[in-house]
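Breakdown of the fold
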Amino acid sequence: MGEPSFTWDYGTDFRFVPWDQLILWPKPLSRIVAQMNWPTLEFFCASEFDSPDEPGSGLIHMNHDFVMKLDQLRARIEVPLHINSGFRTAAWNKRVGGKQSSAHRKGFAVDIRVAQSGRRFTIVEAALAMGFKRVGIGKTFVHLDASLTLSQQVLWLY
Ligand SMILES: [Zn+2]
């Protein structure tokens, strides 16, 4: 069976342009632009990726390619995925004890809630098969991220 192949190509992603500071658009307008650019996802809405201290931050800051891959992962395994943590503001990242270099800060990471070993296996197996190169295993969650600047092909424990 041929696996679907894809490349991690962020070359055309303009999401990191700090629109608010650059153009000084009023916030509602930058939100509308972000809403227009948000990819069509079958299983997730942008707010699921919000930093809890900043509603709407998922929409603005999550990497589109990454959330689309996550949507594909969800379609592939056919089980609900609950996002414990997506984007994190600096303050929230500090509060939950995240590393300063955390991919959550850049919208490249999620923690998926996992309550049992079978489900953990399913998620990790699918993620690896799909080409995720950075996986963290916690007692109650699986971390997936697509940072290209942090170490690749790593699987760690919390
Ligand atoms: Zn994480």
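Residues numbered from 1 in each chain as written. Predicted model: local features only at pLDDT ≥ 70, side-chain atom pairs only at ≥ 80, totals over all residues.

**A word on the overall build of the chain**
- From N to C terminus, the chain includes six helices and five strands.
- Seen in sequence order, the chain has helices and strands lined up from the N terminus as α-α-α-α-β-α-β-α-β-β-β.
- Residues counted as buried form 27% of the 158 residues belonging to the chain.
- The contacts of the chain with a sequence gap of at least 6 include a subset with a gap of at least 24, amounting to 64%. (Helix = DSSP H or I, 4+ residues; strand = E, 2+ residues; numbered from the N terminus. Buried ≥ 20, exposed ≤ 12 C-beta atoms within 10 Å, placed from the backbone. Contact = placed C-beta atoms within 7 Å.)

**With respect to the environment of Gly138**
- Along the chain, Gly138 falls in the loop between strand 3 (134-137) and strand 4 (141-145).
- When the C-alpha positions of Gly138 and Arg120 are compared, they lie 9.8 Å apart, and in sequence the two are 18 residues distant.

**Observations regarding the nonpolar core**
- Core analysis: the biggest nonpolar cluster contains 22 residues, and Met62, Phe66, Val67, Leu70, Ile112, Val142 and Leu144 have the highest contact counts within it.
- Those elements giving two or more residues to this core turn out to be helix 4 (64-77), strand 2 (109-113), helix 6 (117-130) and strand 4.
- The leading source of residues in this core is helix 4, at four residues.
- Not counting chain neighbours up to four residues away, the residues in contact with Val67 comprise Pro39, Leu41, Phe44, Phe49 and Met62. (Core = buried A, V, L, I, M, F, W, Y, C linked by C-beta atoms within 7 Å.)

**Some details on the pairing of strand 3**
- Pairing between strand 3 and strand 4: four bridges, direction antiparallel. Considered in strand 4, the bridge of Gly136 is made with His143.
- Two successive antiparallel strands, strand 3 and strand 4, enclose a turn made up of three residues.
- As paired elements, strand 3 and strand 5 (residues 154-157) share four bridges and run parallel to each other. Looking at strand 5, one finds that Gly136 is bridged to Trp156. (Pairing = 2+ DSSP bridges.)

**Notes on helix 4**
- For helix 4, which comprises 14 residues, the first-to-last C-alpha distance of 20 Å matches the rise-based estimate of 20 Å (1.5 Å per residue) to within 8%.
- Buried within helix 4 are the following residues: Asp65, Phe66, Val67, Leu70 and Leu73.
- Those residues of helix 4 hidden inside the fold are in contact with strand 2 and helix 6. (Expected span 1.5 Å × (residues − 1).)

**Re the sheet that holds strand 2**
- As summarised here, the arrangement of the five strands in space is 1-2-4-3-5, forming an open sheet in which the pairing is mixed. In the strand order of this sheet, the two ends are held by strand 1 (83-85) and strand 5, each with one partner. If you compare each strand with its neighbour and ignore which way they point, the axes differ by 25° on average.
- The strands touched by helix 6 within the sheet are strand 2, strand 3 and strand 4, with strand 4 carrying the most contacts at an inclination of about 10°. (Axes fitted to C-alpha atoms, helices over the stretch in contact; angles between N-to-C directions.)

**A look at unusual backbone geometry**
- The residue Glu78 is not glycine, and still its phi comes out positive at about 55°.
- On the secondary structure map, Glu78 appears in the loop between helix 4 and strand 1.
- Residue classification places Glu78 among the exposed positions, given that 8 C-beta atoms sit within 10 Å.

**Here's the deal with the packing of helix 4 against helix 6**
- At their nearest, the axes of helix 4 and helix 6 sit 10 Å apart, and the two run at 125° to each other. Of the possible angle classes, the one that applies to helix 4 and helix 6 is oblique. Where helix 4 crosses over helix 6, the two elements pack in a sense that is right-handed. Residue-level contacts link Lys69, Gln72, Leu73, Arg76 and Ile77 of helix 4 to Thr122, Ile123, Ala126, Ala127 and Met130 of helix 6.
- Its residues assigned to classes, the contact of helix 4 with helix 6 comprises six nonpolar, two polar and two charged. (Parallel < 35°, antiparallel > 145°, perpendicular 65-115°, else oblique. Left-handed = near helix turned anticlockwise from the far one by under 90°. Nonpolar A, V, L, I, M, F, W, Y, C, P; charged D, E, K, R; others polar.)

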